[in-house]
Amino acid sequence: MAEKGSRPVFNPLTVIGAILTTVSAVLFLTFFFLELLGLHANPYFGIFFFLILPGLFLMGLLLVPLGIWRERRRRLRGLAPTEWHWPRIDLNDARTRRTAAVVAALTLANIVIVSLAAFKGVEYMDSTPFCGEVCHTVMEPEYAAYQDGPHSRVKCVECHIGPGAPFFVKAKVDGLRQVWAVTFDTYQRPIPSPVHTLRPARDTCEQCHWPERFSGDLRRTFRTYADDEANTEQAQVLNLKVGGGGWRRGGPHGIHWHTASNILVEYIATDPARGTIPYVRMVDATGAVTEFVVEGVTPEMLAAGERRTMDCIDCHNRPTHRFAPSPERAVDAALASGLLPQDLPFLRREAVAVLSEGYPDRPAAERAIAERLQAFYGQTAEATEARVARAIAGTQRVFAQNVFPKMGLTWGAHPNHLGHTDSPGCFRCHDGEHRSKDGRTISQDCELCHTFE
Ligand code: HEC
Ligand code: HEC
Ligand code: HEC
Ligand code: HEC
Ligand code: HEC
């Protein structure tokens, strides 16, 4: 039996660990219950309470055994006055029983706290405010467009991560890299698209949209405006043959044919933006395989490219982060929606002109917009003054929704593949140049995808 010395738990490392653990547990639990009672703190508090505190808690927890282990080694090496022996655990001894009960209770409490913290940490990192607001400058363009888009009630993670553990882990590992990039300011501006690691749409979009059920045509009106005094409107009505997986009709057909469950379209893109697609392979509903290749493309070019199975985001690449391709398009959309007053003479021309300039930041753009429109419309009668104010506010909003100088994001930085008028889109494949061995091409027939009214 060794002489009785101070017990190895009383060493500085273990004591610091115990204090750290206790303080962070108390703070974490307090915040957790306050949140349960309805307190909604700003997302930056979340970083401290749901990420840093649990980290300190775990660190403290690790320091406790580490301290004991170190102290034991010190004593074994004869650096400390007493020799270390494993404690004799004798449950007949009332003191040992009490200690064992305390250790068991503390362990249970720690497990509960760690699980709660892990749950809250994950929930917090999956929340839209965390994704959209914490990295405010970096995510500003995507967050702004998202809030304005059809998916503003869908959480970022439902498209970007999807369900299940493997993608969750992958996303978190990716997330660490992103935190690094933001901290040390090594990220690209604008953030490049496409997101090459995005999960296949089958597991994300198709959780909510059931493409087999699409059917029929979609009637859409495209409105454009002239640069004349009346901002003359021109409307073009298209019936888009949206089609579907053939739930009602004989088989997959129309625009959603590509993603029907018994169709496979694969392609090779030779540029990172997936803008150039010289090779397409299709397996149709009968199982027949056809390869379409653009003349002049070499096997080396294809081997260096990115091979991909076509899914929703090869057409709907901007389902929720939509930025106008040009000032003309943005102003047309604003005139059509009523954001800009159609009855203000020459507004189309003036708004496009002022939005086409480059500006160092948003305040500079807002000043320039106000000054130019104010100067152009001059001292107007009271009846139109309100319209000029609306025109200024509307034009400023068009700028704020589409141009983000801090992120280097301006007109056309993120082309939309859903169409063919502003960027190649469908015509990356449907250009009549992709030929199969038996001479078939991927059709560019104007009535393949829509009819005109
Ligand atoms: C409806 C699905 C959906 C939702 C919801 C969504 N995103 Fe996206 N996001 C996408 C798709 C699709 C892309 C483009 C991917 C591609 O082209 O590969 C994208 C791209 C991005 C990019 C890359 C830059 C760019 O503009 O292409 C960022 C950053 C981004 N999203 C952030 C967010 C944030 C932050 C939220 C939540 C506020 C969010 N996303 C919500 C689908 C979504
Ligand atoms: C969590 C559910 C959910 C997910 C995931 C989701 N969507 Fe949606 N989506 C919706 C809802 C709800 C609407 C209808 C919004 C409305 O009508 O206001 C919608 C609307 C749309 C529309 C019509 C938009 C318009 O302008 O009218 C398209 C296209 C679309 N989604 C594509 C996608 C794509 C592509 C993805 C995957 C990247 C996706 N969605 C993921 C729920 C979802
Ligand atoms: C080949 C390109 C293409 C692919 C692939 C594609 N879509 Fe579409 N989708 C379109 C076009 C074009 C429209 C018409 C939209 C428009 O002009 O507003 C459309 C319309 C829609 C709409 C709106 C339908 C309505 O009636 O309002 C939804 C929702 C949608 N798509 C979801 C999806 C989902 C989910 C997938 C993947 C399973 C998908 N799409 C794959 C091109 C495509
Ligand atoms: C990656 C290449 C690729 C892209 C991009 C693409 N398509 Fe296709 N599409 C094909 C192929 C391959 C076929 C089948 C051609 C054939 O059978 O001869 C096809 C067939 C079609 C068909 C006929 C389907 C049927 O009923 O049989 C429609 C409609 C269509 N595409 C619409 C679109 C639209 C709209 C877009 C853009 C939003 C688009 N496609 C983008 C490759 C593509
Ligand atoms: C592969 C399918 C496809 C083919 C082929 C095609 N279009 Fe389109 N077109 C589309 C889609 C999809 C849109 C809708 C884009 C959107 O929703 O913004 C569109 C939109 C349009 C618009 C309205 C665009 C706008 O933004 O004002 C015009 C005009 C048009 N197409 C003309 C043509 C003509 C002319 C041809 C024949 C040379 C043609 N299209 C061939 C798919 C196609």
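See above for the structure.
Per-chain numbering applies: the sequence of each chain, read as written, is numbered from 1 onward. Key to labels: chains lettered from A, ligands numbered from 1, both in the order written. For this predicted model, a pLDDT threshold of at least 70 governs which residues receive local features, and a threshold of 80 or more governs which side-chain atom pairs are given and counted, while totals over whole chains, interfaces and linings are taken from all residues. Side-chain figures throughout are based on the complete set of non-hydrogen atoms in the structure, without hydrogens or water.

> Break down the coordination of the iron atom of ligand 3 for me, with residues and values.
Coordination here is defined by N, O and S atoms within 2.8 Å of the metal (3.2 Å for Na, K and Ca), and since water is not considered, a site can look incomplete. The protein atoms that coordinate the iron atom of ligand 3 are H256 (NE2) and H316 (NE2), at distances of 2.0 Å. Exposure categories follow from relative accessible area, calculated using a 1.4 Å probe and restricted to protein chains: below 20% of the type maximum is buried, above 50% is exposed, and the middle band is partly exposed. Note on H256: relative accessible area 16%, which makes it buried.

> Explain the sheet that holds strand 3 (residues 264-269) residue by residue, including any values.
Pairing is antiparallel across the open sheet formed by five strands, whose spatial order is 6-3-4-5-7. Looking along the sheet, the strands with just one partner apiece sit at the ends: strand 6 (306-309) and strand 7 (434-435). Here, strands pair whenever DSSP counts at least two bridges between them. Secondary structure elements are defined from DSSP: runs of H or I of at least 4 residues count as helices, runs of E of at least 2 residues count as strands, and each element is numbered from the N terminus. With five bridges joining them, strand 4 (residues 279-283) and strand 5 (residues 289-294) adopt antiparallel strand pairing. Note that in strand 5 the partner of V280 across the bridge is F292.

> Which residues make up the sheet that holds strand 8 (residues 450-452), and what values do they have?
Hydrogen bonding along the main chain pairs the strands of a sheet, whether they run parallel or antiparallel. What the three strands build is an open sheet, ordered 1-2-8; its pairing is antiparallel. The open sheet has two free edges, formed respectively by strand 1 (218-225) and strand 8, since each of these has just one partner strand. The average angle at which neighbouring strand axes cross in this sheet is 30°, direction not considered. Two elements, strand 1 and strand 2 (residues 233-240), share eight bridges in a ladder whose sense is antiparallel. Residue pairing for strand 2: R219 is matched across the bridge by N239. The axes are straight lines fitted to the C-alpha atoms, using for helices just the contacting stretch, and the angles between their N-to-C directions are given from 0 to 180°.

> I'd like a description of helix 1 (residues 12-36), backed by residues and values.
If you check helix 1, its first and last C-alpha atoms are 36 Å apart, about what 25 residues at 1.5 Å a residue would give, namely 36 Å. Residues of helix 1 that are buried: T14, G17, T21, S24, A25, F28, F31 and F32. Within 3.5 Å is the distance limit for a polar contact, defined as a pair of N or O atoms, with the added protein rule that one can donate a hydrogen and the other accept it, and that residues adjacent in sequence qualify only through two side-chain atoms. Put simply, N11 is the residue that caps the front of helix 1, since its side-chain oxygen is 3.1 Å from the backbone nitrogen of L13. At the C-terminal side of helix 1, G38 shows a positive phi close to 110°. Here the expected length of a helix is defined as 1.5 Å per residue gap, with one fewer gap than residues.

> Go over the coordination of the iron atom of ligand 4 with me, naming the residues and quoting the values.
The protein atoms donating to the iron atom of ligand 4 are H258 (NE2) and H430 (NE2), with metal-donor distances spanning 2.0 Å. Under this scheme a four-donor centre is tetrahedral when all angles range from 85 to 135 degrees, a four-donor centre is square planar and a six-donor centre octahedral when opposite donors are above 155 degrees with the rest from 65 to 115, and any other centre is irregular. For the iron atom of ligand 4, the six donor atoms are set out with angles of 87 to 180° between them, so the coordination reads as octahedral. Placement of H258 in the loop between strand 2 and strand 3 and of H430 in the loop between helix 12 (382-402) and strand 7 is noted, with a sequence separation of 172 residues between them.

> Run through the site of ligand 2, naming residues and quoting values.
Taken together, 14 residues lie near ligand 2, and H151, E158, C205, C208 and H209 sit nearest. Measuring from a nitrogen atom of ligand 2, one finds a side-chain N or O atom of H151 at 2.7 Å. With respect to ligand 2, the side chain of H209 contributes an N or O atom lying 2.7 Å from a nitrogen atom. Lys, Arg, Asp and Glu make up the charged group, whereas Ala, Val, Leu, Ile, Met, Phe, Trp, Tyr, Cys and Pro make up the nonpolar group; the residues left over, Gly among them, are polar. Taken together, the residues of the shell around ligand 2 break down into eight nonpolar, four polar and two charged. The split into domains, and so the bounds of each, comes from an automatic or database assignment of domains. For the shell around ligand 2, the two domains that each supply at least three residues are domain 2 (129-187) and domain 3 (211-320 + 425-452). Throughout, near means a residue has at least one heavy atom within 4 Å of the molecule or strand.

> How would you explain the site of ligand 3 if you had to name every residue and give the values?
Contacts to ligand 3 come from 18 residues, most closely from R220, H256, C312, C315 and H316. Contact between ligand 3 and R220: an oxygen atom at 2.8 Å from a side-chain N or O atom of the residue. Within the side chain of H316, a nitrogen or oxygen atom sits 2.7 Å from a nitrogen atom of ligand 3.

> So, the pattern of salt bridges: which residues are in play, and what are the values?
Only one rule defines a salt bridge in this text: a Lys or Arg side-chain nitrogen within 4 Å of an Asp or Glu carboxyl oxygen. Following the criterion strictly, the structure yields 21 salt bridges and no others. In this structure, D203 engages R199 in a salt bridge whose closest nitrogen and oxygen atoms are separated by 3.2 Å. The partner of D314 in a salt bridge is R308, and the shortest N-O contact between them spans 3.0 Å. Judged on exposure class, the residue D314 and its partner R308 are both buried. It is possible to trace a salt-bridge network through shared partners that takes in E71, R74 and R75.

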